[in-house]
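The residues making up each chain are set out below.
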Amino acid sequence: MLEYSFIGVIKMKIFEDFCKYISDATTINKAFISVFFLTIITLIFFSILKKIMTFFIKKKMTGRGEYIVNQSLMVIINIVEIFILLLIFSEYIKNMMTLISVVSAAMTIALREVIMNFFCGIYLKAKRPFKVEDRIQINDIKGDVTNVSMLSFEVLEVSTKEDNGQSTGVVVTFPNSIIFTTPVKNINKGFKYVWNELLIKVMLDCDLPKNKQEIYKIVNSLETVRSIPKKMKNQIEHANTTNRIYYNKYEPIIYTKIVDDHIELTVRYLMHPKKAKYIESVIWNKIYLAYKDKRIELYTGREA
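I will try to describe carefully the structure that is included in this document. Just so we're clear, the structure is a prediction, and the values are computed from it rather than from any experiment.

1. Thoughts on helix 9 (residues 276-292)
- The end-to-end C-alpha distance of helix 9, which contains 17 residues, comes to 24 Å, matching closely the 24 Å that a straight helix rising 1.5 Å per residue would cover.
- Burial in helix 9 covers these residues: Ala276, Ile279, Glu280, Val282, Ile283, Ile287 and Ala290. Down the axis of helix 9, the smallest arc covering the buried residues is 165°, so these residues share one side. Relative to its buried face, helix 9 has exposed residues pointing more than 90 degrees away, namely Tyr278, Leu289 and Lys292.
- In this structure, the buried residues of helix 9 make contact with strand 6 (194-203), helix 6 (208-220), helix 7 (223-226) and strand 8 (262-271).
- Looking one or two places after helix 9, you find Lys294, whose phi comes out positive at around 65°.

In structure tokens, the structure reads:
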């Protein structure tokens with residue numbers, strides 16, 4: 001213990017002598033130089049620590065667990081870093097109060113967006129109108145939330161050319177304050193599944209019950225569709241404790257409409273929004289095979 005104390009004293013002496021040397025060379029107050037270098041050392045130390053922690057987390061974990069643990073550790077490290085910086089500046093904080101009171105109004109105006117984003121970040125963490133992996137839409141931008149920080153949140157954009165677009169690979173960053181100025185649509189808040197509709201046209205003189213039965217069979221042949229109604233019902237019953245949401249029917253349904261010389265069958269079913277394109281593709285492939293086998297009489301256009 002004495003040896004470590006002795007080494008610590010020597011290091012402090014070297015640091016003090018270094019600060020005194022810089023002070024003599026620049027005529028800057030020694031105390032200011034000491035605070036400056038301690039701040040730089042602290043920032044560098046914690047920057048390296050964050051990189052090391054991120055490296056080890058990537059080695060040990062993957063997926064959602066990696067993100068949650070990494071974010072939690074970063075919050076703890078940031079708090080410790082701020083606490084140490086406050087200790088370094090503790091002697092100057094009292095003297096700075098008068099100056100702060102004079103410039104606070106100007107700083108508030110200059111930093112109003114940063115301050116607003118910070119408090120909106122607290123609101124996002126506490127109220128959680130959306131969370132990581134939720135699909136949201138703000139104005140014309142739709143995507144999956146990938147990160148929520150104290151000042152901003154990031155969304156991995158999906159195409160809006162169709163109802164259930166695929167990822168564009170573009171990451172869009174929003175300031176947190178946008179949640180108070182622009183409506184935010186959370187596509188899977190409260191429950192994971194959404195309704196999707198497919199429009200299928202069949203011949204006017206077709207065997208309608210047979211065609212509808214075949215389409216029902218195709219839609220219900222997908223496990224990803226067949227298993228959802230029960231899950232959806234349980235989630236809505238749970239969500240009803242905070243939101244009044246209900247549906248009369250959870251299983252796939254087909255609506256019928258006669259249009260000119262054909263019949264439009266609108267198939268409505270529940271699905272996970274991120275699997276929409278895959279499910280649609282599988283259903284259309286099965287419908288095409290049923291058409292080729294003459295089990296469904298699709299409308300192919302007006303006859304001459």
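Text resumes after the structure shown.
2. Description of the layout of surface pockets
- Roughly 680 Å³ of volume is contained in the largest pocket.
- Lining the largest pocket are 21 residues; nearest its centre among them are Gln71, Val75, Lys125, Val148 and Ser149.
- Among the elements that line the lining of the largest pocket, the one with the most residues is helix 3 (residues 63-88), at 10 residues.
- Its residues assigned to classes, the lining of the largest pocket shows 12 nonpolar, 5 polar and 4 charged.

3. What about the sheet that holds strand 1 (residues 135-138)?
- The sheet built from 5 strands is open, its strands ordered 4-3-2-1-5 with antiparallel pairing. Two strands lie at the open edges of the sheet, namely strand 4 (167-175) and strand 5 (184-186), each paired on one side alone. Averaged over all adjacent pairs, the angle separating strand axes in this sheet is 35°, with direction ignored.

4. Overview of the environment of Phe174
- By the element assignment, Phe174 lies in strand 4.
- Spatially, the C-alpha atoms of Phe174 and Ile138 are 9.4 Å apart, while their sequence positions differ by 36 residues.
- For Phe174, the contacting residues outside a window of four places in its chain are Ile138, Ile141, Ser152, Phe153 and Val155.

Analysis parameters
Residues numbered from 1 in each chain as written. Predicted model: local features only at pLDDT ≥ 70, side-chain atom pairs only at ≥ 80, totals over all residues. Heavy atoms only, no water. Helix = DSSP H or I, 4+ residues; strand = E, 2+ residues; numbered from the N terminus. Expected span 1.5 Å × (residues − 1). Buried < 20%, exposed > 50% of the residue type's maximum accessible area, 1.4 Å probe, protein only. Arc of directions from axis to C-beta. Contact = heavy atoms within 4.5 Å. 1 Å grid on protein atoms, 1.4 Å probe; cavity = no way out; pocket = protein on both sides within 12 Å on 5 of 7 lines; lining within 4 Å. Points joined across faces, edges and corners; volume = space filled by probe spheres on them. Nonpolar A, V, L, I, M, F, W, Y, C, P; charged D, E, K, R; others polar. Pairing = 2+ DSSP bridges. Axes fitted to C-alpha atoms, helices over the stretch in contact; angles between N-to-C directions.

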